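The primary structure of each chain is shown beneath.
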Amino acid sequence: MASCPALPDSLVLEIFLHLPHNAVLNAGLTCRQWLAVSRDEFLWRELFYSYYRIPRSVPRHPAAVSWYGEFRRLFDCIPCVEVQTLKEHHDQVLHLAFSHRGHRFSSCSKDCTVKIWDTEQPDGSIALLHSSSMRAYNWGYTQFSQFNADDSLLLVSGVYLGPHHSSSGEIAVISLDNYTLLSRVRNKPYDVFGCWLNETHLISGNLHWIGNMTSCSVLWLNKAFQDVESENVNVVKRLFKIQNLNASSIRTVMVAHCRRHDSPDLLLDYEAQSRAREEGDGQHQRQTHHPMFFDLGSESEEESDEELPQAPPLRYDLHRPHNRTVMQGKPSTEQERELEAEVARILGRSRTRAPDPDLMSPSTPEEGEDKTYLLFTTGSLTYSPHQIGIKRIMPDQMTTCGPVLGEERSSEEFFDSLDYVIDIHGHIIGMGLSPDHRYLYVNSRAWPADCVITDPMLPPPIAEEIDMHVIDLKSLREERRSLRAHRAFTPNDECFFIFLDVSRDFVASGAEDKHGYIWDRHYNICLARLRHDDVVNSVAFSPADQELLLSASDDSTIKVWRSPRIVRLAQAPPRPPRHRKLLPSWLGRRNTDSTFLNGKP
């Protein structure tokens, strides 16, 4: 090789531009000249855009150091290699949740158990720590769980099979010190799920029906456990009371703490997207929604369902409803439904406090205020959830101290208005927050573009493709950067929740097509498909290491996925200590480059 005349660098670069990336790396091991050319930034910029098919108007990630490093990050650091399959559940696995430290995770299943797992085994595997069955408490199954902020308590939400098979929900709080059950809280309907507000208080829901189409959702703040001071301190307090029209109800509550908005974990607002958003705003003018409210008549929230005059509850089974009837009982005509909705709007105008526009305005630096928002799915046109409601939680509402049943409200302000509403124009089937709580990712199945809803009991048909919307909670604008790849096939009245999760750089979601999916948040490209034998209901990134991902499926398994980089490091034999450098540094890279990028994982 030394006797052959060297090719000009420009010619070698031109040749490399016509080669696939793995061939470029292998060619770079030939000699020092080719190694230097194989690391050329212009070369890897071209390989990056051509391989990942990214529009060239999209700039490189702001945190990226080089095009070669960015190519390698998207190729080698995606958790797409299956390393373990957990089979301890005996029915469909519905939800996964990591602790904030990433050392534990929990799983919920149709087998009515919640299991807690250890991720810090010496050999890198995952082991079962504890399993609790909720059948003794008359639960049908567990469906959702969440660790509190200091990972000392676990919230578990499930379907409670109460009197008359009402399928109301219930929330249980489990201590992670000794796995004892600390409290149980009513939750209706069960697809409210429930969530933590802070380390010691959780949010639940209740639903009161007043007619065939009109109901009232009450959101409660509950203390997670009773202590010595419980005799003198309230353990429950009403947060909000919101009226629902057209057979809709509040579901899927979650809390966003916006104290970290000034230091987001991802910079999404680059110039190309801003231009695209401005063009889109010219075509799609945002509509402002003003939900109306209806006086349900009773001030008492302690009444049982049997004491309330109400229509039978809405049957909305997120996980495999069978022969479901949306409304049961006496049918109503379209004219009666329209009359009921109009009466609700008229009466609601005089009994609802108007929203305060200052509540949703950005805080000034001088304020130094940490804003907390309650997010939930709702609707105003039909019973299927198609809107995201936002309600700010004020500092004095963070504790159960103070009035319990709304004594502080005057008779003229009986209901709470929503501070902000975002219409998704489709059936919402999943939501997840970014780690910094700046962005809300929403799974939805779109309605036809020009559809008109004339009957709230007949929502429009929904698409098989799942759109993932990105909403900036700081500006309260949709980024109009919907992600696609995953699919769902169930019809409108049978579709169920598909849980998604967001890490610093990636977003993942389940799907009904027997795969989980991973996208890059900055480039909006699908990077991996994770195969199961049935519907994938939930995915979860480790908050301590985004190269570890879990997926849960109707095939009763939990699969553990790690990145090719981590797998390669785990399989590599330990290197003996080296006291002196024997080979040139460029030869020392041979091992890494020959194992990295030899084929798409």
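Residues numbered from 1 in each chain as written. Predicted model: local features only at pLDDT ≥ 70, side-chain atom pairs only at ≥ 80, totals over all residues. Heavy atoms only, no water.

> Where do I start with the overall build of the protein chain in this structure?
Of the regular secondary structure elements, the protein chain holds ten helices and 30 strands. Taking all 601 residues of the protein chain together, 55% fall into the buried category. Across the protein chain, contacts joining residues at least 24 apart in sequence account for 62% of those joining residues at least 6 apart. When the accessible surface of the protein chain is split by element, carbon and sulfur atoms take 52% of a total near 26,700 Å². (Helix = DSSP H or I, 4+ residues; strand = E, 2+ residues; numbered from the N terminus. Buried < 20%, exposed > 50% of the residue type's maximum accessible area, 1.4 Å probe, protein only. Contact = heavy atoms within 4.5 Å. Areas by Shrake-Rupley, 256 points an atom, 1.4 Å probe, with all protein chains shown as cover.)

> For this particular structure, what's the right way to read helix α4 (residues 41–52)?
Residues spaced three or four apart along an α-helix face the same direction, because each turn holds 3.6 residues. With twelve residues, α4 extends 16 Å between its outermost C-alpha atoms, agreeing within 8% with the 16 Å of an ideal straight helix rising 1.5 Å per residue. Among all positions of α4, only Leu 43, Trp 44, Leu 47, Phe 48, Tyr 49 and Tyr 52 are buried. Looking at the buried residues of α4, the elements they touch are α1 (9–16), α2 (21–27), α3 (32–38), α5 (67–76) and β27 (526–531). Of the residues flanking the start of α4, the one acting as N-cap is Asp 40, its side-chain oxygen 2.9 Å from the backbone nitrogen of Phe 42. Arg 53 lies just past α4 and shows a positive phi near 55°. (Expected span 1.5 Å × (residues − 1). Polar contact = N/O pair within 3.5 Å; in protein donor to acceptor, adjacent residues only side chain to side chain.)

> Mind showing me how you'd approach the sheet that holds strand β22 (residues 467–472) here?
Two orientations exist for strands paired in a sheet by backbone hydrogen bonds: parallel and antiparallel. Spatial ordering of the open sheet is given by β20-β21-β22-β23, a layout of four strands whose pairing is antiparallel. Strands with a single pairing partner mark the edges of an open sheet, and in this sheet they are β20 (426–433) and β23 (477–478). Here six bridges tie strand β21 (residues 439–446) to β22, and the two strands are oriented antiparallel to one another. Looking across to β22, one finds that Val 442 is bridged to His 469. (Pairing = 2+ DSSP bridges.)

> Explain a nonpolar patch on the surface here, please?
Among the surface-exposed residues, Leu 7, Leu 11 and Ile 15 lie close enough to one another that they form a single nonpolar patch of about 230 Å² accessible area. Within the secondary structure, Leu 7 sits in the segment before α1. Judged by its relative accessible area of 36%, Leu 7 is partly exposed. (Patch = residues over 30% accessible without salt bridge, like charges linked within 9 Å, V, L, I, M, F, W, Y side chains within 5 Å. Salt bridge = Lys/Arg side-chain N within 4 Å of Asp/Glu carboxyl O.)

> What is the right way to look at the packing of aromatic side chains in this model?
Tallying each qualifying case throughout the model produces 22 aromatic pairs. Their ring planes at 90° and their centres at 6.0 Å tell us that Phe 16 and Trp 34 sit as a pair that is edge-to-face. Highlighted residues: Phe 16 in helix α1 and Trp 34 in helix α3, separated in sequence by 18 residues. Classification of Phe 16 by relative accessible area gives buried; the value is 2%. What links up through ring pairs into an aromatic cluster is the set Trp 44, Phe 48, Tyr 49, Tyr 51, Tyr 52, Trp 67, Tyr 68, Phe 71, Phe 75 and Tyr 523. (Phe/Tyr/Trp six-rings, centres within 6.5 Å; stacked < 30°, edge-to-face > 60°.)

> I keep staring at the pattern of salt bridges and nothing clicks. Help me out?
Close approach of charged atoms allows side chains with opposite charge to pair. Across all of its chains, the model carries 17 salt bridges by this definition. A salt bridge links Asp 472 to Arg 438; the shortest N-O distance between them is 2.6 Å. Note that Asp 472 is positioned in strand β22 and Arg 438 in the loop between β20 and β21, a separation of 34 residues in sequence. The buried category is assigned to Arg 438, whose relative accessible area is 8%. Residues joined in a network through salt bridges with shared partners are Glu 70, Arg 73, Arg 504, Asp 505 and Asp 520.

> Explanation requested: the packing of α5 against helix α8 (residues 564–571) in the structure shown.
Working note: a packed helix pair is described by the angle between its axes plus the distance between those axes. The N-to-C vectors of α5 and α8 enclose an angle of 80°; their axes lie 8 Å apart at closest approach. With respect to α8, the element α5 is oriented roughly perpendicular. Across from Arg 72, Phe 75 and Asp 76 in α5, the residues of α8 making contact are Pro 564, Arg 565 and Arg 568. Looking at the contact of α5 with α8 residue by residue, the classes come out as two nonpolar, no polar and four charged. (Axes fitted to C-alpha atoms, helices over the stretch in contact; angles between N-to-C directions. Parallel < 35°, antiparallel > 145°, perpendicular 65-115°, else oblique. Nonpolar A, V, L, I, M, F, W, Y, C, P; charged D, E, K, R; others polar.)

> I tried to follow the environment of Val 567 on my own but got confused; where do I start?
Structurally, the position occupied by Val 567 is in helix α8. Here Val 567 falls in the buried class, since its relative accessible area comes to 15%. Val 567 sits 484 residues away from Val 83 along the chain, and the two C-alpha atoms are 8.1 Å apart. Val 567 has contacts with Val 81, Val 83 and Arg 562, leaving out every residue within four places of it along the chain.

> Would you mind going over the nonpolar core with me for this structure?
A general feature of soluble globular proteins is that nonpolar side chains tend to end up buried together. Formed by 35 residues in total, the largest nonpolar core has its most connected members in Trp 44, Phe 48, Tyr 52, Ile 54, Ile 518 and Leu 549. For this core, the elements supplying multiple residues, two or more each, are α1, α2, α4, α5, β25 (506–509), β27 and β28 (536–542). (Core = buried A, V, L, I, M, F, W, Y, C linked by side-chain atoms within 4.5 Å.)

> Whenever I open this one, the side chain of Asp 76 confuses me. Can you help?
Within the secondary structure, Asp 76 is located in helix α5. Within the structure, the side chain of Asp 76 is placed 2.7 Å from the side chain of Arg 568, a separation counted as a polar contact.

> Which parts of the structure should I look at to understand unusual backbone geometry?
What you tend to see is this: most non-glycine residues have negative phi, and most peptide bonds are trans. Each neighbour pair has its own omega, and for Lys 188 with Pro 189 the value is -5°, a cis peptide bond. As for its position among the elements, Pro 189 is in the loop between β9 (181–187) and β10 (195–196). Look at Asn 246: it is not a glycine, yet its phi comes out positive at around 55°. Among the secondary structure elements, Asn 246 is positioned in the loop between β13 (236–244) and β14 (251–257). A positive phi angle, close to 70°, is found at Ser 556, a residue other than glycine.

> What exactly am I supposed to notice about the side chain of Ser 509 here?
One can find Ser 509 in strand β25. For Ser 509, a relative accessible area of 0% corresponds to the buried category. Within polar-contact distance, the side chain of Ser 509 engages the side chain of Asn 443 at 2.9 Å.

> Whenever I open this one, the packing of α4 against α5 confuses me. Can you help?
Taken N-terminus to C-terminus, the directions of α4 and α5 make an angle of 30°; their axes are 8 Å apart at the nearest point. Classed by the angle they form, the pair α4 and α5 counts as roughly parallel. In this structure, α4 contributes Glu 41, Trp 44, Arg 45, Leu 47, Phe 48, Tyr 49, Tyr 51 and Tyr 52 to the contact, and α5 contributes Trp 67, Tyr 68, Glu 70, Phe 71, Leu 74 and Phe 75.

> Quick question: what am I supposed to make of the confidence of the model for the protein chain here?
Any residue range with low pLDDT should be treated as having predicted coordinates unsuitable for detailed reading. For the protein chain, per-residue confidence averages 80 on the pLDDT scale, and 71% of positions sit at 70 or higher. In the model, residues 269–331 has pLDDT below 50 throughout and makes 148 contacts with residues more than four positions away in sequence or in other chains. (pLDDT = per-residue confidence, 0-100.)

> Whenever I open this one, the pairing of strand β26 (residues 515–520) confuses me. Can you help?
The side chains of a regular strand alternate, first on one face of the sheet and then on the other. Within β26, six of the six residues are buried, which leaves the element mostly enclosed by the surrounding structure. Of the strand pairs in this sheet, β25 and β26 are connected by four bridges, and their pairing is antiparallel. Of the residues in β26, the one forming a bridge with Phe 506 is Asp 520. Direction of pairing for β26 relative to β27: antiparallel, over a ladder of five bridges. In the sheet register, Gly 516 faces β27, and the bridge partner there is Leu 530.

> Is there a simple way to think about the sheet that holds strand β17 (residues 387–393) in this case?
Overall, antiparallel pairing links the four strands, which are arranged β14-β16-β17-β19 in an open sheet. The open sheet has two free edges, formed respectively by β14 and β19 (420–423), since each of these has just one partner strand. The sheet shows a mean angle of 20° between the axes of neighbouring strands, taken without regard to direction. For β17 and β19, the ladder comprises four bridges, and the chain directions are antiparallel. Paired with Ile 388 across the bridge in β19 is Ile 422.

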